[in-house]
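# Observations on the model geometry
Residue strings, one per chain:
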Amino acid sequence: MKNLLIGLLLCTSLFGLNAQTTYLHCGKLIDATSKEVKIAQTIVVEGNKITQVAPGYLDVPAGAKGINLKDKTVMPGLIDMHVHIESQSSPKRYEEGFRMNKADVALRATIYTKKTLMAGFTAVRDLGGSGVNVSLRNSINAGYIAGPRIYTAEKAIGTTGGHADPTNGIRDDLKGDPGPKEGVINSPDDAKKAVRQRYKNGADVIKITATGGVLSVAKDGAGPQFTEAEVAAIVATAKDYGMVTAAHAHGAEGMKRAVKAGITTIEHGTLMTEEVMELMIEMGTYLVPTISAGETVMKLAKQPGYFPAVIVPKALAVGPKSKSTFKKAYEKGVKIAFGTDAGVFPHGENAQEFVHMTDVGMPAINAILSATQVAAEALNELDRIGTIEVGKMADIIATDDNPVDNIKTMLEVSFVMKNGMIYKQ
């Protein structure tokens with residue numbers, strides 16, 4: 001009987017039957033429609049939607065629920081544009097692929113999804129895993145597990161031997177010859193098929209590895225790995241299927257090819273030149289800086305035996321440049337969408353990126369907007385999430401202090417509502 005009752009309650013919350021009306025009394029409100037911090041506001045939530053935002057503290061009618069956030073700063077749920085929700089860095093990460101089944105990966109990842117949500121991140125863009133990320137998204141949407149809204153790339157697309165080739169670094173008899181089905185391409189036709197396969201597998205977005213990477217078991221960390229024709233085919237096909245695109249890129253040439261092709265976001269951008277910055281401004285391309293990942297790999301590379309030897313020089317060369325490149329790009333006027341590469345560092349610590357961004361001169365309010373309104377815009381989801389407005393999904397968080405004055409308050413959010421349901425209070 002108890003399980004039946006829980007099931008009925010879950011169905012009620014998921015499908016809006018007898019939807020609860022909730023009044024949030026907010027001491028301060030950052031609605032992310034502007035840089036203004038509003039004082040003494042009420043947000044009315046019916047079911048999973050925001051139905052009213054009004055000045056003052058409205059009376060809570062009979063039958064509705066009142067939440068006192070008068071000593072808090074309230075804002076939209078945060079969006080992390082670059083996570084890997086299936087896994088987390090450890091010295092054993094490179095052997096896990098030989099030891100863990102998909103069920104093992106999925107069950108462990110439920111810990112990561114919950115930590116991410118409890119940290120105030122009500123939406124994430126997962127930029128590549130094994131495909132388990134699609135099942136995680138579906139399970140969260142169905143209400144089976146707690147977690148953020150996941151917009152997933154399913155499996156990242158790379159070239160043979162490139163950063164997203166899943167067989168890099170393993171012995172010869174296990175390498176095989178992965179192709180478009182596995183997300184490995186070597187021609188424009190392969191590229192189109194790989195995008196369509198991701199769509200078939202349930203991806204929401206497309207991610208490519210436009211250059212070498214730090215954490216792949218391969219020597220190159222920055223050189224271009226796609227031809228211009230291949231990138232163009234990927235972007236055009238993704239657009240046909242209504243998907244935004246992301247390009248992992250450290251080196252300038254790979255970035256240029258991706259930006260010229262119309263990629264939506266550049267991930268990392270560590271060795272970005274002024275020429276690339278100007279091109280991104282011209283094309284309206286977003287930078288997702290992932291400073292947290294650069295800082296983390298730089299530290300871990302100094303721990304003997306943490307990474308395979310081929311990774312260490314790449315981490316030491318690329319990691320230290322993350323902050324300085326971000327600073328130059330921001331000051332130049334490149335659009336910034338918040339992203340961390342969580343999974344390289346522990347899930348749930350995503351908000352540390354706010355500290356890194358403000359450390360090098362980005363105003364706190366701009367950093368918050370990069371994780372709300374700007375990120376939603378880059379996801380092409382601004383009509384649903386990213387701001388606190390009537391008609392938007394009720395993804396709402398609160399901090400104890402005003403982050404405009406104390407950005408470190410973002411490290412410990414005290415209230416989390418996602419889709420109208422309260423997960424943390």
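Refer to the structure printed above.
First, a word on scope: everything that follows refers to the structure included in this document.

Two numbers describe how helix α7 (residues 228–240) lies on helix α8 (residues 252–261): the axes approach to 9 Å, and their chain directions differ by 40°. By the angle class used here, α7 and α8 are oblique. Regarding α7 and α8, the two cross each other, and that crossing is right-handed. Across from E228, V231, A232 and V235 in α7, the residues of α8 making contact are R257, A258 and A261. Residue composition of the contact of α7 with α8, grouped by class: 5 nonpolar, no polar and 2 charged.

By secondary structure assignment, the location of H25 is in strand β1 (residues 21–29). A residue is classified by how much of its surface remains accessible, and H25, at 12% relative accessible area, is buried. In terms of polar contacts, H25 uses its side chain to reach the backbone carbonyl oxygen of L58, at 2.7 Å. The contacts of H25, once residues within four sequence positions are left out, are Q41, T42, Y57, L58, V60, I67, N68, L69 and K70.

Taken N-terminus to C-terminus, the directions of helix α9 (residues 274–283) and helix α12 (residues 322–332) make an angle of 45°; their axes are 10 Å apart at the nearest point. The angle between the axes of α9 and α12 places the two elements in the oblique class. Relative to α12, the crossing made by α9 is right-handed. Between α9 and α12, the contacting residues are E274, M277, E278 and I281 on the first element and T325, K328, A329 and K332 on the second. Split by residue class, the contact of α9 with α12 holds 3 nonpolar, 1 polar and 4 charged.

The next subject is the nonpolar core. Grouped together as the largest cluster of nonpolar side chains are 58 residues, with contacts concentrated most on I157, I208, I266, M272 and F354. Looking at this core element by element, the count peaks at 5 residues for α7. Setting aside residues up to four positions removed in sequence, I157 forms contacts with A164, G183, I185, A194, V195, R198, I206, K207, I208, T209, F226 and I234.

Judged by which residues are buried, strand β7 (residues 149–152) turns out to be covered on both faces: R149 and Y151 on one side and I150 and T152 on the other are all buried. With 4 bridges connecting them, strand β6 (residues 121–126) and β7 associate as parallel partners. Across the sheet, residue A123 finds its bridge partner in β7, namely R149. For the segment spanning β6, helix α4 (residues 132–142) and β7, crossover handedness is right-handed.

All told, the structure shown has 5 aromatic pairs when counted by the stated rule. Where Y306 meets F307, the ring centres are 5.1 Å apart and the plane angle is 85°; that geometry is what we call edge-to-face. Put simply, the rings of F121, F338 and F354 touch in pairs and so form one group of aromatic residues. Positioned above the aromatic ring of Y57, the side-chain terminus of K70 is 4.6 Å from the ring centre.

Turning to its location among the elements, I170 is positioned in the loop between β8 (158–159) and α5 (172–175). Among the residues examined, I170 registers a relative accessible area of 18% and is labelled buried. Each C-alpha atom of the pair I170 and E95 lies 9.9 Å from the other, and the pair is 75 residues apart in sequence. Sequence-distant contacts of I170, that is, excluding residues within four places in its chain, are made with F98 and K175.

Rules of the game
Residues numbered from 1 in each chain as written. Predicted model: local features only at pLDDT ≥ 70, side-chain atom pairs only at ≥ 80, totals over all residues. Heavy atoms only, no water. Axes fitted to C-alpha atoms, helices over the stretch in contact; angles between N-to-C directions. Helix = DSSP H or I, 4+ residues; strand = E, 2+ residues; numbered from the N terminus. Parallel < 35°, antiparallel > 145°, perpendicular 65-115°, else oblique. Left-handed = near helix turned anticlockwise from the far one by under 90°. Contact = heavy atoms within 4.5 Å. Nonpolar A, V, L, I, M, F, W, Y, C, P; charged D, E, K, R; others polar. Buried < 20%, exposed > 50% of the residue type's maximum accessible area, 1.4 Å probe, protein only. Polar contact = N/O pair within 3.5 Å; in protein donor to acceptor, adjacent residues only side chain to side chain. Core = buried A, V, L, I, M, F, W, Y, C linked by side-chain atoms within 4.5 Å. Pairing = 2+ DSSP bridges. Right-handed = clockwise from strand over helix to strand, strands pointing away. Phe/Tyr/Trp six-rings, centres within 6.5 Å; stacked < 30°, edge-to-face > 60°. Lys NZ or Arg CZ within 6 Å of the ring centre and 35° of its normal.

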